[in-house]
Structure formats: structure tokens, C-alpha cells
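So you can see what is in the structure, the chains are spelled out below.
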Amino acid sequence: MNEMPSIEQANEMTESKISANKVQVFYGDNQAIKDVDIEIQPRSVTSFIGPSGCGKSTFLRTINRMNDTIDICRVEGSIKIDNEDIYDPKVDPVQLRAKVGMVFQKPNPFPKSIYDNIAYGPRIHGLARNKAELDDIVSSSLQKAGLWEEVKNRLDEPGTGMSGGQQQRLCIARAIAVSPEVILMDEPCSALDPIATAKVEELIDELRENYTIVIVTHSMQQAARVSQRTAFFHLGILVEEGLTEDIFTNPKDKRTQDYITGRFG
Amino acid sequence: MPLFWLILIVLAIAAVGYVLGRSRAMSSAGGELSALHSLPSYYGANVAMKVIVPAFLLLIVWLLAQPFYVNNVISGMIPETSIAEGSSRGLVLAEVRRAARGLDNAVATGAMTEEFARNARADFADISTRLRDAGQIVTSEITQPILRAAQRYRVLNATGNLIMSIAVILVALFAAFWAIRETNAEFRARNVVEQGIKAILIAAASIAILTTIGIVLSLVFNTWEFFRLYPASDFFFGLTWSPSFSGRGSSSQLGILPLLWGTFYISIVALLVAVPIGLFAAVYLSEYAGPKVRAVAKPLLEVLAGIPTIVYGLFALLTVGPLLLSVFGNEGLGIMQAGTAVMTAGLVMGIMLIPFVSSLSDDIINAVPQAMRDGSYGLGATKSETVRQVILPAALPGIVGAILLAASRAIGETMIVVLGAGAAARLSLNPFEAMTTVTAKIVSQLTGDADFASPVALVAFALGMTLFVITLGLNIVALYIVRKYREQYD
Ligand SMILES: Nc1ncnc2c1ncn2[C@@H]1O[C@H](COP(=O)(O)OP(=O)(O)OP(=O)(O)O)[C@@H](O)[C@H]1O
Ligand SMILES: [Mg+2]
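Since the model is a prediction, treat every value here as computed from it, not as a measurement.

Conventions we followed
- Residues numbered from 1 in each chain as written.
- Chains lettered and ligands numbered in written order.
- Predicted model: local features only at pLDDT ≥ 70, side-chain atom pairs only at ≥ 80, totals over all residues.
- Heavy atoms only, no water.
- Pairing = 2+ DSSP bridges.
- Helix = DSSP H or I, 4+ residues; strand = E, 2+ residues; numbered from the N terminus.
- Expected span 1.5 Å × (residues − 1).
- Buried < 20%, exposed > 50% of the residue type's maximum accessible area, 1.4 Å probe, protein only.
- Contact = heavy atoms within 4.5 Å.
- Axes fitted to C-alpha atoms, helices over the stretch in contact; angles between N-to-C directions.
- Parallel < 35°, antiparallel > 145°, perpendicular 65-115°, else oblique.
- Left-handed = near helix turned anticlockwise from the far one by under 90°.
- Phe/Tyr/Trp six-rings, centres within 6.5 Å; stacked < 30°, edge-to-face > 60°.
- Lys NZ or Arg CZ within 6 Å of the ring centre and 35° of its normal.
- Domains from an automatic or database assignment.
- Buried area = accessible area lost by both parts, 1.4 Å probe.
- Salt bridge = Lys/Arg side-chain N within 4 Å of Asp/Glu carboxyl O.
- Polar contact = N/O pair within 3.5 Å; in protein donor to acceptor, adjacent residues only side chain to side chain.
- Nonpolar A, V, L, I, M, F, W, Y, C, P; charged D, E, K, R; others polar.
- pLDDT = per-residue confidence, 0-100.
- Patch = residues over 30% accessible without salt bridge, like charges linked within 9 Å, V, L, I, M, F, W, Y side chains within 5 Å.
- Areas by Shrake-Rupley, 256 points an atom, 1.4 Å probe, with all protein chains shown as cover.
- Bend = angle between axes of the 7 residues up to and from the residue.

## Here we look at the pairing of strand S4 (residues 73-81) of chain A
All names here are of chain A. Where strand S1 (residues 18-27) lies against S4, eight bridges are found, and the strand directions are antiparallel. Bridging from a neighbouring strand, serine 19 pairs with lysine 80 of S4. For S4 and strand S5 (residues 84-85), the ladder comprises two bridges, and the chain directions are antiparallel. Among the inter-strand pairings, isoleucine 81 is bridged to a residue of S5, identified as glutamate 84. From the end of S4 to the start of S5, which pair antiparallel, there are two residues, and aspartate 82 there has a positive phi angle of about 50°.

What follows is the structure, given as C-alpha cells:
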């Protein structure tokens, strides 16, 4: 759809898709995120890395307001998607989440058939006017998620009966089905074996054409393989953010260097 | 010797045995704790255990066996001729026991000397008056064979008790002696005590199981007895319930169907009230309520479960019944004759079941993994969409199990029905009519002067058995479903 062929060259020029400004997140009295500023480029993959407990998931969840479901969680600062503040009172978080989809660490298909898993989102949002349109959405989502060939003959079997890797791709397909613009992924491969991981990484690389993707990962190799930009978090602070190859070959901050060379974390 | 003293004596022997066993172990090790196999207290406990267990076992067996023996002897003393027409040996024996108890009390109040009570042979009028003076109810003048039997009964029991006391104390002493003797530094007292504790726990568990078996067996035998007097097909398929207490109940019609119908009708009304309300309350508490509301509302709801059902019965009788009557009665719609009706009992029983349904469903809803909710919210679903389309379907098997458990409680409920539903056994569709249930009829068959040989009383066991089978079936299905559901997320 877009005329832009290469993101790498264009990254400094394009208008950013998501821009966060002085974001603070508190769990009760605990501050989990401090003063995070970041610009996330459209139609590219950005990875968040950092030691456990540094706030990667917390920050990721602010982008689709999933933190609203946690009672004690409070967010300050501004996060804009397409220049619109998503914490503005007139924004409906439920609508927002249709635009900013999410894939979780552990595959969590609903205890429904494969078909109904995919059709769930489109049904709630009224994206299909009839059964034929719904069928189209389901098949195209499964195709985009690279799962169609494996499941086209068993769409009415329960989604929980698939392998872990298939389940995770099903969850990605489920997120795609509501045509989001942004897809957030929180350690999507941590429960998968290397082959399933490779498939999901390949999928992420393909999805980058149409979606803005933010992925949290503990695997440096994975960040290097799939992402164009990388952000390193430490103790709730965004330490460094830049082109993935720069972060991994030429980090500016000592802490980043220590982390990627495996000296802590 | 009163039982209480006997028990105290055994306990005292055990206590002394404990101290002796302990000190003997200490001294056999020369005061070196490390030379002992077990801690000193284990040696004491070993002795105490070996005193208490055999002594109390003997005591229990004796207490169970003695009445059998005495009854047998007494029964042999009563000549066939002294059993009146229309009476039975059992009734005469009961009279003997009453007379014996009367003599006991007369002695205790000073109306007779012990000597007199034992040896009086003649002058029954005098004995009868003395018994009456002592506040004993004597139906008619006491007769020769009964008096003789009663006197023998007292003697037998007194000697029996004496021998028992001596035997128990001897066993306790002997056991203490033996256990202290085997105590030495090498003796593995700790292992023996461990075995003993295990045995006690097993005994406790088997008592529970054995009693259940006993209850079921007594139900089965009495039901069997009933079916010998009354045809089973008439019982299970009869459409009329009209027990007649005259003429030993031979003209009774004891069809269970009207009672089962009442039971199910009331239970269905109750479930129609309890299931939606309980389920919605559970959904609110687990998905919507904040921690503060939850902390207050959940215990409050569960307090409802602690109210005795008789209180609900009163509520039905005094509040709900009149309220319904004022709306549907003759001043209102005119379809309700009296305050007691299926509707009254059903509504109140429904209220009783709300906390039951809601707390079970709450547990089940909470067992649905958070990941399921996240997945749904992450797709832009609202709370109620998530509840309806993800959480409830995922929790459905468990909720069905909870409903079945609630149904089996409704079927077994008695007090609310006795007070709220009326007593008429009726096959009708109008929920504003009085009907009655199996449980309520069991109560009414057995209260009053029930003669346990007639079908009108024995039918209670057949009713109980039917109820037992139905609720057992429901519970098994429900527990199976709930367990299967649990496995799904473990
Ligand atoms: N629901 C919550 N309630 C309270 N504190 C929370 C909650 N979730 C996270 N935290 C706290 O916020 C901080 C950041 O947690 P977060 O889950 O964002 O870390 P993370 O970087 O994703 O770690 P990991 O790599 O282990 O997933 C931690 O100190 C954590 O204890
Ligand atoms: Mg995390």
C-alpha cells in the first residue's frame, strides 16, 4: 500500500507512528517507568530489551492501555498514536485496543474452535456484514499468519488442541483479524521451540510491510534478527534507543554495552 | 462404679505410665539423651498409648455386648403365657426395662431401700404405689413375671458393670506394666508411636465410612421391609398419596409421584431464582467489583449461607407467603388460596441457594486464567463481551456442576418446605397451590406415634432411599463435571 520501499533509509524522515513523552507508570506507590520518551516508526519492527523487571512489559502495555485493567496502575505523561493522545478522556480504550492489538507471552487461544477464535474480534467490532465476509476475514488472517495451509481442514476443531507454535500464530492471526495498525508482542516466542520461533520470526518480518510492530524480547539474537530499531530499558528508564545494528555494534551507554555483552541481566 | 470414674482411672493409669515410662527410659540411658533411640516423651507416650487403647477398646466392646447378653437372659425368663394378646416379646421386654429403671429411681429417691428393691416378692399393689410415689409412671399394676425379670435385670447389669470395671482396670494395669518393662534405651518408641498415630487416624477415617455404610444399609433393609408389605410398582407409579393411619395402614395409598413432582417443582422454582441471581452476583464480584467492594460483599453474601434453614422457613411462612397472598390471593389475582404454596417455598429456597451458587461460581470464574481475559481485552472487547463470550463459556462446565450441586441441596431441603409449601400431596401445575415434597412427608410419616412395623411408617425409608439415590446421582455427575473442568486448566 505504501510507496516507501525501504524503512531503514527513511527512518529519520517519516513521521513517527507512536510518540511517547515523559511517560511515568506507577503501581500503587511503586514507580515502574520513569520519564520515557520514545518515537516509534511506522511499518517497522521495534524491539524492547532489558533485564527482567525493568518495565518492558509495563511500558508496552501503556501503548494499548491494557494497564487500565490493573486497578492500582496509574499512567502519567502523554502517548500519541498518529498524533492523537490515547490517554485523552474522549478516547475509548476498548476502541483503541482494536487499533493496537496485542500478542502475549504464553499463547492464549480461547476455548473455542479455530474459526471462532479468529472470528471473535471481527464479530465484536461488527467488521463483517455476513457470513461470507467473516469467512474471508478468517481465511485471510490465517493466510497472513502463515497458518492457513495447516488448519484449513480443521477450522472447527478447538484452538487449544494445536501445538504451542501453532497456537501462538493463531493468536497473531486473531490480532490481525481486527485490522489493527499496531501490533504489540510481549515475548511472543518465549514458550516456543526453535523451529516454531523461526516461523514466528519469519511471520513478524512479513507483517512489517503492513503493520507497526513492537516486540519485547529477552533474546538479543531475536532482536537483531527481526527488528529495525531497538530500545534498551533498565530499572524503569529508557537508557538508549536507536537503529538495531548501532545498538548491538556500537552502544553509546555503558549499561547497554554491559547488557548486550552479557555482563549483567 | 460410674463410667466417668472408670474412664478417669484409666486415664490416671496412663498418666502415671507416661511418667514412669519416661523416667525409666532416661535412667536406662544413664541420663544421656543421645544414648536413647527416641526423645524421652516418646517412651512416655508409648506407655500411655498401650494403656489407653486396649482398655478403651475393651470398655467399648463390653458396653456394646452387655445389653445383648442381659436382654437374652431376661427374654428367656418370661414365659409365653405372660405375653398378652396383641402384644409382643419386645414390648414386654421394654416394660421390664421401664420397671427396672423405676426401681433404680425409687431407690435413688428413698422410696425403697436397695434391699427391698432386690427382694420384694409379693404385694404388687404396694410396689406399684411406691413406684408411683417416687414419680415413676407405672401403666398398670406391676405383675409377678415382670417384677422378677426387672429385679434380675438390675442384678445382671450391676454385676456386669462391676466385672467390666475390674477387667478394664486390670487390662490397663497389665498393659502399663508390660509397656514399662519393654522400655529401654534401644526400644524404638518413636516408631511405635508413629504407628499408633497412624492407626488412630485410620480408625477415625473408617468410622466415618462405616457409619455411612451403616446408614445406607439400614435404609436398604427398611426399604426392603417396606416393599414386602407394599408393592413396589404401586409405590413408584402410584398417583395418589393418602396414608391412612388406622387399621395398621392397610388401606393407605402410597404413590411417590405426587411427592416427587412437588419436590421437583419447588426445586425448579428455587433454581430459577438462585441460578441467575447467584451467577450474576458471582460475575459482578469476580469481574467488576473493586477489591474493597469484594472484601465486604463476598463475606456478606456468604453469611446468607450460614442462616439455619428453619429461619428461612419462618421467613417463608410469615413474610413471603402473606406477601404473595396479597398479590395473587383473593384480594388480588385470585389464583392463590393460602400463603403456603410451591411459589412461597421455591422463592425462599432460591434465596437460600444464592450464596451457594454464587460462591461456587465465583471460584470457578476465578479459575479461568487471566490470560484468557487479557486475550479478549487485547482484541478490544468490553468487560461484558469478555464475560459472555469468553469467561462464561470457559467456565460453563464448572458452573453446570455448581448448579447440579445446588439442585441436590434443593431436593434434600426440608424445613423451608415443611413451613412454606403446605402438606397436600398434589399433582398440579399451578405454582400457587400448596404441594409437598418427599422430605416433608418423611418428617410427617415419622412424627407422632409411629409403629415401625406398618407400611405408613416404613414408607419413610423407601422415600429416603429414593431421595438418597437421586441426590447421590446428581452429586456424582456434578463432581465429575467440576473435576473435569479443573483438570482443563491445571
Ligand atoms: N500488576 C502489577 N502490580 C504491581 N507491580 C507490578 C505489576 N506488574 C509489574 N509490576 C512491577 O513493575 C516492574 C516492571 O515489571 P514488568 O513486568 O514491566 O517487567 P519486565 O521488564 O516485563 O520483566 P520481564 O522481562 O521479567 O517480563 C516490576 O518491578 C514489577 O514488580
Ligand atoms: Mg514482561
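## Here's the deal with helix H1 (residues 3-28) of chain B
All names here are of chain B. Here H1 contains 26 residues, and its C-alpha end-to-end distance of 37 Å stays within 8% of the 38 Å for a straight helix at 1.5 Å per residue. Every buried residue of H1 is listed here: Leu6, Val10, Ile13, Ala14, Gly17, Gly21 and Ala25. Elements in contact with the buried residues of H1: helix H2 (40-77) and helix H6 (144-181). Looking one or two residues beyond H1, the residue adopting positive phi is glycine 30, at roughly 65°.

## Looking at the sheet that holds S1(A)
Judged by pairing direction, the sheet is antiparallel, and its four strands sit side by side in the order S2-S1-S4-S5 (chain A) without closing on themselves. Two strands in the sheet have a free side with no partner beyond their single neighbour: strand S2 (30-40) and S5 of chain A.

## A word on the packing of helix H10 (residues 291-306) of chain B against helix H12 (residues 342-366) of chain B
All names here are of chain B. Between H10 and H12, the least distance of the axes is 7 Å, while the angle of their chain directions is 135°. Our classification of the angle between H10 and H12 gives oblique. Both H10 and H12 take part in a crossing whose hand is left-handed. For the pair H10 and H12, contact is made by Arg294, Lys298, Leu301, Glu302, Leu304 and Ala305 and by Ile351, Ile354, Pro355, Ser358, Ser359, Asp362, Asp363 and Asn366, respectively.

## Describing the packing of aromatic side chains
Scanning the model with the defined rule gives 14 aromatic pairs over all chains in all. Here the aromatic rings of Trp261(B) and Tyr265(B) are separated by 5.0 Å at their centres, their planes lie at 40°, and the arrangement is tilted. In this pair, Trp261(B) and Tyr265(B) both sit in helix H9 (residues 257-288), four residues apart, roughly one turn of the helix. The class of Trp261(B) is partly exposed, set by a relative accessible area of 28%. Three or more aromatic residues joined by ring pairs form one cluster here, namely Phe226(B), Phe227(B), Tyr230(B), Phe235(B) and Phe236(B). Over the face of the ring belonging to Phe110(A) we find Arg174(A), whose NZ or CZ atom lies 4.3 Å from the ring centre. Sitting above the plane of the Phe356(B) ring, Arg409(B) keeps its charged end 4.8 Å from the centroid.

## Remarks on the side chain of Asn64(A)
Its place among the elements puts Asn64(A) in the loop between helix H2 (56-63) and S4. The contacts of Asn64(A), once residues within four sequence positions are left out, are Leu96(A), Arg97(A), Val100(A), Met102(A) and Leu184(A).

## Describing the domain arrangement of chain B
Residue and element names in this part refer to chain B. Domain assignment breaks chain B into domain 1 (3-187), domain 2 (190-229) and domain 3 (241-485). A separation of 25 Å is found between the C-alpha centroids of domain 1 and domain 2. In this assembly, eight residues from domain 1 lie in contact with five residues from domain 2. For the pair domain 1 and domain 2, the two sides together bury roughly 560 Å², of which 79% comes from carbon and sulfur. Per-residue buried area on domain 1 facing domain 2 is highest for His37, Tyr42 and Met49; these three make up 66% of the total on that side. In this assembly, domain 1 and domain 2 are joined by zero salt bridges. On inspection of domain 1 and its partner domain 2, the count reaches one residue pair in polar contact (both at pLDDT 80 or more). Classifying every residue of the side of domain 1 that touches domain 2 gives four nonpolar, three polar and one charged.

## Regarding the pairing of strand S3 (residues 45-49) of chain A
Residue and element names in this part refer to chain A. With five of its five residues buried, S3 lies for the most part within the structure. A two-sided burial pattern is seen for S3, the buried positions comprising Val45, Ser47 and Ile49 on one face and Thr46 and Phe48 on the other. Bridging between S3 and strand S8 (residues 212-216) involves four bridges; their strand directions are parallel. Bridged to serine 47 within S8 is isoleucine 215.

## Thoughts on the environment of Pro109(A)
Inspection of the secondary structure puts Pro109(A) in the loop between strand S6 (100-103) and helix H4 (114-125). Residue classification places Pro109(A) among the buried residues on the basis of a relative accessible area of 5%. C-alpha separation for the pair Pro109(A) and Asn83(A), spaced 26 residues apart in sequence, amounts to 33 Å. Not counting the four nearest positions on each side in its chain, Pro109(A) is found in contact with Asn117(A), Gly159(A), Thr160(A), Gln167(A), Leu170(A), Cys171(A), Arg174(A) and Met372(B).

## Details of unusual backbone geometry
Of note, the phi angle at Asp35(A) is positive, near 45°, even though the residue is not glycine. Within the fold, Asp35(A) resides in strand S2.

## Describing the confidence of the model for chain B
Taken as a whole, chain B shows an average pLDDT of 86; of its residues, 93% reach a score of 70 or greater. Element-level mean pLDDT values for chain B span from 72 in helix H5 (residues 124-133) of chain B up to 94 in H9(B).

## Describing the interface of chain A and chain B
At the interface, 22 residues of chain A touch 19 residues of chain B. Applying the counting criterion to the chain A and chain B interface returns zero salt bridges. Of all elements in the fold, only helix H3 (93-99), S6, H4 and helix H7 (164-176) of chain A reach the threshold of two or more residues within the side of chain A that touches chain B. Of the residues in the side of chain A that touches chain B, the class split is 13 nonpolar, four polar and five charged.

## Quick word on a nonpolar patch on the surface
All names here are of chain B. Residues Leu3, Phe4, Trp5, Ile7, Leu8, Leu11 and Leu63 make up a contiguous nonpolar surface patch of about 630 Å² in total accessible area. Of all the elements, H1 adds the most residues to the nonpolar patch, at six residues. The topology assignment puts tryptophan 5 in helix H1.

## Regarding H2(B)
In a regular helix each residue adds 1.5 Å, so 38 residues correspond to 56 Å; H2(B) covers 56 Å between its end C-alpha atoms and thus fits that length. Along H2(B), the sharpest kink reaches roughly 25°, centred on Ala65(B) and followed within four residues by the proline Pro67(B).

## Remarks on the sheet that holds strand S9 (residues 229-234) of chain A
Residue and element names in this part refer to chain A. Overall, mixed pairing links the six strands, which are arranged S6-S7-S8-S3-S9-S10 in an open sheet. Strand pairing shows two members of the sheet lacking a second neighbour, S6 and strand S10 (237-243), which therefore form its edges. Taken pair by pair, the neighbouring strands of this sheet meet at an average axis angle of 15°, ignoring direction. Inspection of the sheet shows strand S7 (residues 182-186) paired to S8 by five bridges, in the parallel sense. Within S8, the position partnered with aspartate 186 by the bridge is valine 216.

## Considering the environment of Met352(B)
Residue and element names in this part refer to chain B. One can find methionine 352 in helix H12. For methionine 352, a relative accessible area of 4% corresponds to the buried category. Separated by 64 residues in the primary sequence, methionine 352 and isoleucine 416 have C-alpha atoms spaced 9.5 Å apart. Residue contacts for methionine 352: discarding those within four places in its chain leaves Thr309, Tyr312, Arg409, Glu413 and Ile416.

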